[in-house]
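# Observations on chain architecture
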Amino acid sequence: QVQLVDSGGGLVQAGGSLRLSCAASGRTFSSYAMGWFRQAPGKEREFVATISGSGRTTYYTDSVKGRFTISRDNAKNTVYLQMNSLKPEDTAVYYCAAGRDAWATKTSDAYDYWGQGTQVTVSS
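Heads up: these notes are all about the structure in this document. (Residues numbered from 1 in each chain as written. Predicted model: local features only at pLDDT ≥ 70, side-chain atom pairs only at ≥ 80, totals over all residues. Heavy atoms only, no water.)

### Looking at the nonpolar core
Inclusion rule: Side-chain atoms within 4.5 Å link the members of a nonpolar core, which is a set of buried Ala, Val, Leu, Ile, Met, Phe, Trp, Tyr and Cys residues. Relative accessibility thresholds used throughout: buried, under 20% of the residue-type maximum; exposed, over 50%; partly exposed, between the two (1.4 Å probe, protein chains only). Strands are runs of DSSP state E lasting at least two residues, helices are runs of H or I lasting at least four, and both sets are numbered from the N terminus onward. Contact definition: two residues touch when any of their heavy atoms are within 4.5 Å.
Grouped together as the largest cluster of nonpolar side chains are 29 residues, with contacts concentrated most on Met34, Trp36, Leu81, Met83 and Tyr94. Counting residues per element, the ones that place at least two in this core are β1 (2-7), β3 (18-26), β4 (34-39), β5 (46-51), β7 (68-73), β8 (78-83), β9 (92-99) and β11 (118-123). Apart from residues no more than four positions distant in its own chain, Met83 is found in contact with Gly16, Ser17, Leu18, Leu20, Arg67, Phe68, Tyr94 and Val120. Counting five residues, the second largest nonpolar core, distinct from the first, contains Phe37, Phe47, Ala97 and Ala110.

Below you can see the structure in the form of structure tokens.
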């Protein structure tokens, strides 16, 4: 079992920055990949970023490349999503998720545990 608590969302103007955090407990943190997903009102949940258990491999959805950075601190059992140059279309509830193994993956089906979500609102 893995418990996830995500935080750091809020209201920010376009062009601003936020850093999301997700604290994990349960299994050995470095043994599983972590991902961030988001869901905007009326839309399906979509992949944002993922990082392998070691932290050496990351993937991003095209719309956030160059603006968002995923990282992890295995000593603190925490994964981060640094979001810069935010746009109104980034508005969504953001969820962290724990993968089934250490391999980074974009597929939501590969994630067994999910945080409660944190709201990010970007005003124009």
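So that's the structure; there's more coming.
### Brief notes about the pattern of salt bridges
Let me state the cut-off plainly: When a carboxyl oxygen of Asp or Glu lies within 4 Å of a side-chain nitrogen of Lys or Arg, that pair is called a salt bridge.
By the definition in use, this model includes five salt bridges. Among the salt bridges present, the one from Arg38 reaches Asp90, with a minimum N-O distance of 3.0 Å. Linking Arg38 in strand β4 with Asp90 in the loop between β8 and β9, this pair joins segments that are 52 residues apart in sequence. Using a relative accessible area of 5% as the deciding quantity, one classes Arg38 as buried. By relative accessible area, which is 1% here, Asp90 ends up buried. Here Arg67 and Asp90 are joined by a salt bridge, their closest N and O atoms 2.7 Å apart. With a gap of 23 residues between them, Arg67 in the loop between β6 (58-60) and β7 and Asp90 in the loop between β8 and β9 connect regions that are remote in the sequence.

Don't take any of this as a statement about function, it's just geometry.
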